[in-house]
Amino acid sequence: TLAEFRANPKAARPAGGGFPSAVNAHASIYQKNVLAGFTDKISISDAISNTTTFYGAYAQVNNSAIRNYERRIEPHAGGRSVFSWNKSSNDTHWQWVAGAEFQQGWFNTQVSKNKNGNPDTLQTNDDVLNSSFNVFLQGDVQTKNNWFVTAGISSTQTKVSITRLNKYPVTEQKRTYRNELAPRLSVLKKINARISWLATVSKGFSPPTVAEVLPSTGVITTELEAENGWNYETTLRYHTHDSKFQLEATGFYFRLHQALVQRRDAGGSDYFTNAGGINQAGAEFHASYTYEHTNGFLDYAHFSSDVTLSHFRYDSFIKGTDDFSGKKVPSVPSQSISLLADLQFQKGFFLYIGYYGASRIYLNDANTASADPYHILDARIGWKTAFAKKLKLNVFAGAGNLLDEHYSLGNDINAAGGRYYNAAPARNYYAGISFQCLHQKH
């Protein structure tokens, strides 16, 4: 809670509401992941090429939580094949891209009572089959008078099936999400050698994930609807003749329907619900400068700054007797700024400095709780060199949160009992060393 966060941010979550403390529950997450795949690229002709990728993956997750002990086994596999056709004629260049992607998962999730960090009595045992199939087509044309037009369209179908094995009779709940064709149109115009303008209109579609359909409450929620919406975006870009200095300004408006909103119950378990709609409007500003000089004390320098202004509001969102219409969307700061300096000196020495600042962040849909603004300063120094052009060595050290800010990161949005806050590390330090061995065949 806010009082606990302010009193002692190092403290773990205490016991309460019939649930053990984080220490007694041995709250932790252990993950094992294996991923393997291959990609094949072939040229069918001078104009046509194909890129095909297949992968297989296996994940095992043990989550000792306050409320329960969860064990997940998640093998999955998939593939993607893309054909590309290029053609140039009369100072006009054409490109067509068409492809398809498929993913299939065979998951099992077991949730047990947590007894001192070990699984105890089984609560739920679910087999989860989830698949996704996507087809897409995109065309690009570049004309001699500096017009660039991209038009694309895609269609996605996602299926999820959950079979609860620990209750008789064994039941299966399933849902198929089909979207209508999702188009995208983007137009870029080079006004002159230094200024360009870009405009984009696109439709998005995002079905609920397995973690949203089967959240940590253990309640299967196949009735959740898929998110969808239209996005409108325009960008104005400027750069000097040598491209060392660049400026960019972007404005966007995204009208999101059936937005998925996270909530947490009294035991700390998360679940999700559909909001009626969210209006996401905002602006982004970017500036950068790059300096290169191979014979000076400073070989390379890159400076950049980014400012984001966000106006995210619920449109019509009524949950029971609560009306959140017009409220600010939690977890999103209204303003944020990022500054970066990357310097590389002679003899292989380098220095990195980064700053990030965010305004107040609301933590619940009612906007009655918030996290204070914070400012984070990080720095890293190091030295890198190469031996005999085959071995590269990189030695580095750094510090995070140099300003020693007391702030919350990874907040639990809409948590019950006001338990929103997760204390971020205070000032911290690290060091490392890496090797890279290069071998080139002739």
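In case you missed it, the structure is sitting above this.
Keep in mind that this is a model prediction, so the values were computed, not measured. (Residues numbered from 1 in each chain as written. Predicted model: local features only at pLDDT ≥ 70, side-chain atom pairs only at ≥ 80, totals over all residues. Heavy atoms only, no water.)

Colleague: Explain the pairing of strand E15 (residues 298-314) residue by residue, including any values.
Modeller: Inspection of the sheet shows strand E14 (residues 277-292) paired to E15 by 15 bridges, in the antiparallel sense. Within E15, the position partnered with Ala281 by the bridge is His311. Between the end of E14 and the start of E15, which pair antiparallel, lie five residues. In terms of strand pairing, E15 meets strand E18 (residues 335-345) through 11 bridges, oriented antiparallel. For Asp306, the partnering residue across the bridge sits in E18 and is Ser338. (Pairing = 2+ DSSP bridges. Helix = DSSP H or I, 4+ residues; strand = E, 2+ residues; numbered from the N terminus.)

Colleague: Please set out the side chain of Ser64 residue by residue, giving values where relevant.
Modeller: Within the secondary structure, Ser64 sits in strand E2 (residues 48-64). Assessed through its relative accessible area of 4%, Ser64 is described here as buried. A polar contact of 2.7 Å, which involves the side chain of Ser64, links it to the backbone oxygen of Ala25. If near-sequence neighbours (up to four positions away) are discounted, Ser64 is found in contact with Ala25, His26, Ala27, Ser28, Tyr69, Asn114 and Gly117. (Buried < 20%, exposed > 50% of the residue type's maximum accessible area, 1.4 Å probe, protein only. Polar contact = N/O pair within 3.5 Å; in protein donor to acceptor, adjacent residues only side chain to side chain. Contact = heavy atoms within 4.5 Å.)

Colleague: Lay out the pattern of salt bridges with the relevant residues and their values.
Modeller: Tallied over the full model, the rule gives eight salt bridges. The closest approach of N and O atoms between Arg175 and Glu225, which form a salt bridge, is 2.9 Å. Of this pair, Arg175 sits in strand E7 (residues 171-178) while Glu225 is found in the loop between helix H2 (210-213) and strand E10 (227-239), placing the two residues 50 residues apart along the sequence. With relative accessibility at 32%, the residue Glu225 sits in the partly exposed group. A salt bridge links Arg360 to Asp372, with the nearest nitrogen and oxygen atoms 3.5 Å apart. Placement of the pair is Arg360 in the loop between strand E19 (349-358) and strand E20 (361-362) and Asp372 in the loop between strand E21 (370-371) and strand E22 (374-387), with a sequence separation of 12 residues. Residues joined by salt bridges that share partners form a network here, namely Glu70, Arg72 and Glu74. (Salt bridge = Lys/Arg side-chain N within 4 Å of Asp/Glu carboxyl O.)

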